[in-house]
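Structure at a glance
Listed below are the residues making up each chain.
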Amino acid sequence: MKNQVALKVIHGKLQGMAFTFDERTICIIGRARDCNIKLPDDKDHETISRYHCLLDINPPSVRVRDFGSRNGTFVNGKKIGQRKKGQSIDEVDKTGFPEIDLAHMDKIKLGTTVFQVSIEGTQKSAPQPTRAEPEEPLHHTPDLDELSQHIQHFPELAGIRDYLPTRELGRGGMGAVYLARHKDSGEQVALKVMLPQVAVSNEARDMFLRETKNTEALHHPNLVQLHHSGCHDDTFFFTLEYCDSGSLLDLTRERGGRMSVDEALPLILQALDGLHYAHTAAVQSTDQPDGSVMLTTGLVHRDLKPANIYLTSGEDGQLVAKIGDFGLAKAFDTAGLSGQTATGSVGGTPVFMPRQQILNFKYAKPQVDVWAMAATLYKTLTGSYPRDFPRGEDPWLTALKNAPVPIRDRNPEIPEALAKVIDSALVDNPELLFTSAEQLKTALETAYNT
């Protein structure tokens, strides 16, 4: 059964209405016109804030987060959130905004409206070993002495026989990345291993492997190439092109927190080339209701930031920028394997998200990546995020309400023409002004050469 989260209004003016979610998404509830679930703006709902609370949904997981509303959000009769009378939003508890995980049949009350939560499908549990084979079996067997040495140092990679890890490159909440070499060719690759946070079904495994095929099909000099994907004992892995010069984030830190226009802009322009290709490439969609596959156009990254733009040395010795992790996180979420919500993770802070992505997370369009690329350039040139995120103010609410700060307020040395383009590219209310990577690249180049 496909994982699914549903909300049904069991009391209030919207009684009988139901909202169903079968993929990772963010749902904002409140009285504002652009809320995902808009409550009536009348006397019965005057205790509800315009942006009252956020549901972070990644079936079968769902979490509710109160935005420091004036009257709080009730879960099974217990109040979470609420700022005191006369207390401003930036005076709310500095330890973070209240959020709790929801369970099947929980009730959420906002004013006179009551929602009941329904969760169907596989519940969170520790992954159980299976005997499933990778979609493409690994045929080679390394020398046993060499293999035993690697197993001793990297026991979690024992079943991945074609690739021999040499050292760990990084580790996060969902897995780790290793530098590895192919047993036969000797090619160095980045071996990314992701551990599922939910029990794994054959359907989920197959969906994940199908989704990764889209990323394997992307071939562009400014995208990190995915070579191979598979699954062994409920450990999902991919091998990716290894970028030997770190990331844009690493380079920015080496430069003391921000880079010059002359150094940063060429790298961003390269990344925009890769982004345009990914947004316009023909890919297969597995999201059809009947399970069929159809050809669609483009993939949306949804998590562009300096840490996801990797660098490698070109033939001429110049750095080449490559966008990484294109489609991998989405593949994991679409298959229902991550079991993680965005608000509960560091990476989920929406510092590189336009408000459209928060309000329409599931159906994010390519232009949200364009906004994120402009935000990445802004951060690289200034050392600051486009928006101010005051301590004590919920970052998700900030992203919905606050406009970006003009870039020359952060760094007055940026040429005015270039600053104007960057500021325009970061407008996200009421609409995004730049809709394609190609459009942003052309505008940046024109301004830079003015």
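The model shown is predicted, which means the values in this text are computed figures rather than measured ones. The written sequence of each chain sets the order in which its residues are numbered from 1. Where totals are concerned, whole chains, interfaces and linings use all residues; where local detail is concerned, this predicted model gives features only for residues with pLDDT of at least 70, and gives and counts side-chain atom pairs only at 80 or more. Where side-chain values are given, they derive from all heavy atoms of the structure, hydrogens and water being excluded.

Next up on the list: the overall build of the chain. Tallying secondary structure elements over the chain gives 11 helices and 20 strands in all. Buried means the residue's accessible area, taken with a 1.4 Å probe over protein chains only, is under 20% of the maximum for its type, while exposed means over 50%, and partly exposed covers the values in between. Relative to its 450 residues, the chain shows a buried fraction of 51%. Should any heavy atoms of two residues lie within 4.5 Å, those residues are counted as being in contact. Across the chain, every contact between residues at least 6 apart in sequence was considered, and the portion connecting residues at least 24 apart equals 61%. The numbering of helices and of strands both runs from the N terminus, where a helix is a DSSP run of H or I of at least 4 residues and a strand a run of E of at least 2.

All right, on to helix H11 (residues 437-448) then. For H11, with 12 residues, the first-to-last C-alpha span of 16 Å sits near the 16 Å given by 1.5 Å per residue. Here H11 has its buried residues at Ala437, Leu440, Leu444 and Ala447. Along H11, the residues classed as buried sweep out an arc of 100 degrees about the axis, all on the same side. Buried-residue contacts for H11 involve helix H4 (261-280), helix H7 (366-382) and helix H10 (416-425). The length a helix should cover is 1.5 Å for every residue beyond the first. Picture the helix axis, draw a direction to every C-beta atom, and the arc is the one those directions span.

Nine residue types can take part in a nonpolar core, namely buried Ala, Val, Leu, Ile, Met, Phe, Trp, Tyr and Cys, and a core is a set of them joined through side-chain atoms within 4.5 Å. By size, the foremost hydrophobic cluster in this structure holds 50 residues, and its most contacted members are Leu272, Met373, Ile422, Leu440 and Leu444. Elements with a contribution of two residues or more to this core: helix H3 (248-254), H4, strand E19 (309-313), strand E20 (319-323), H7, H10 and H11. Per-element tally for this core: the top contributor is H4, with 10 residues. When residues no more than four places from it in sequence are discounted, the contact partners of Leu440 are Leu272, Val370, Ala374, Val421, Ala425 and Phe434.

Bringing the sheet that holds strand E5 (residues 53-58) into the picture now. What the 5 strands build is an open sheet, ordered E4-E3-E5-E6-E9; its pairing is mixed. The open sheet has two edge strands with one neighbour each: strand E4 (37-38) and strand E9 (99-101). Two strands pair when backbone bridges link them, and strand E3 (residues 25-30) and E4 are joined in this way by 2 bridges, in the parallel orientation. The residue bridging Ile29 from the neighbouring strand is Ile37, located in E4. Two strands qualify as a pair provided DSSP detects at least 2 bridges between them.

Now for H7. For H7, with 17 residues, the first-to-last C-alpha span of 25 Å sits near the 24 Å given by 1.5 Å per residue. Among the 17 residues of H7, 15 are classified as buried, and the element is accordingly described as predominantly covered. A positive backbone phi angle near 80 degrees is found at Gly383, which sits one or two residues after H7.

Further remarks concern the pairing of E19. By the bridge criterion, 5 bridges tie E19 to E20 in an arrangement that is antiparallel. Within E20, the position partnered with Thr312 by the bridge is Val320.

Quick look at the sheet that holds strand E10 (residues 107-110) now. The sheet built from 6 strands is open, its strands ordered E2-E1-E11-E10-E7-E8 with antiparallel pairing. Each edge of the open sheet carries a strand with a single partner, namely strand E2 (18-21) and strand E8 (78-80). Neighbouring strand axes in the sheet, compared pairwise and without regard to direction, differ in orientation by 25 degrees on average. Where strand E1 (residues 4-11) meets strand E11 (residues 113-120), 7 bridges bridge the pair, whose relative direction is antiparallel. Note on E11: the bridge partner recorded for Lys8 is Gln116. Axes, fitted as lines to C-alpha atoms, cover a helix only where it is in contact. Angles between the N-to-C directions of the axes lie from 0 to 180 degrees.

We now examine the packing of aromatic side chains. Two aromatic rings, drawn from Phe, Tyr or Trp (for Trp, its six-membered ring), form a pair once their centres lie within 6.5 Å of each other, and the interplanar angle then sorts them: stacked below 30 degrees, edge-to-face above 60, tilted otherwise. Counted according to the given criterion, the structure contains 2 aromatic pairs. A ring pair is formed by Tyr385 and Phe389, whose centres lie 6.4 Å apart and whose planes are at 90 degrees; its orientation type is edge-to-face. Accessibility expressed as a relative area gives 34% for Tyr385, which makes it partly exposed. On the basis of relative accessible area, Phe389 is assigned to the partly exposed category, the value being 23%. Cluster of aromatic residues (ring-pair linked, three or more members): Phe352, Tyr385 and Phe389. Lysine NZ or arginine CZ positioned within 6 Å of the ring centre and within 35 degrees of the ring normal marks a charge as sitting over the ring. Cation over ring: Lys109 sits above Phe74, and NZ or CZ is 5.8 Å from the ring centre. Between Lys379 and the ring centre of Tyr385, over which it is positioned, the NZ or CZ distance is 5.2 Å.

Right, let's get into the confidence of the model for the chain. The pLDDT averaged across the chain works out to 83; a share of 80% of its residues lies at or above 70. In this model, residues 86-96 is a region of pLDDT below 50 whose contacts with residues beyond four sequence positions or in other chains number 17 contacts. With pLDDT under 50 throughout, residues 123-144 is counted as low confidence; its partners more than four residues away or in other chains account for 43 contacts. Confidence per residue, as judged by the predictor, is encoded in pLDDT with a range of 0 to 100.

As a further point, take the environment of Ile57. Structurally, Ile57 is set in strand E5. Separated by 34 residues in sequence, Ile57 and Glu23 have C-alpha atoms that sit 7.6 Å apart.

In this structure, the amide linkage connecting Pro59 to the following residue, Pro60, adopts the cis form with an omega of 10 degrees. Within the fold, Pro60 resides in the loop between E5 and strand E6 (61-66). Following Asn429, the chain continues into Pro430 via a peptide bond in cis, with omega recorded as 10 degrees. Its place among the elements puts Pro430 in the loop between H10 and H11. Phi is positive for Met105, close to 80 degrees, though the residue is something other than glycine. Within the secondary structure, Met105 is located in the loop between E9 and E10.

Interaxial distance between H4 and H7 falls to 10 Å at its minimum, and their mutual angle equals 165 degrees. In terms of orientation, H4 lies roughly antiparallel with respect to H7. Taken as a pair, H4 and H7 cross one another with a handedness that is right-handed. Between H4 and H7, the residues in contact are Val261, Ala264, Leu265, Ile268, Ala271, Leu272, Leu275 and His279 and Pro366, Asp369, Val370, Met373, Thr376, Leu377, Thr380 and Leu381, respectively. Just so you know how the angles are binned, under 35 degrees is roughly parallel, over 145 roughly antiparallel, 65 to 115 roughly perpendicular, and the rest oblique. In this scheme, a crossing is called left-handed if the near helix is turned counterclockwise away from the far one by less than a right angle; it is called right-handed if the turn is clockwise.

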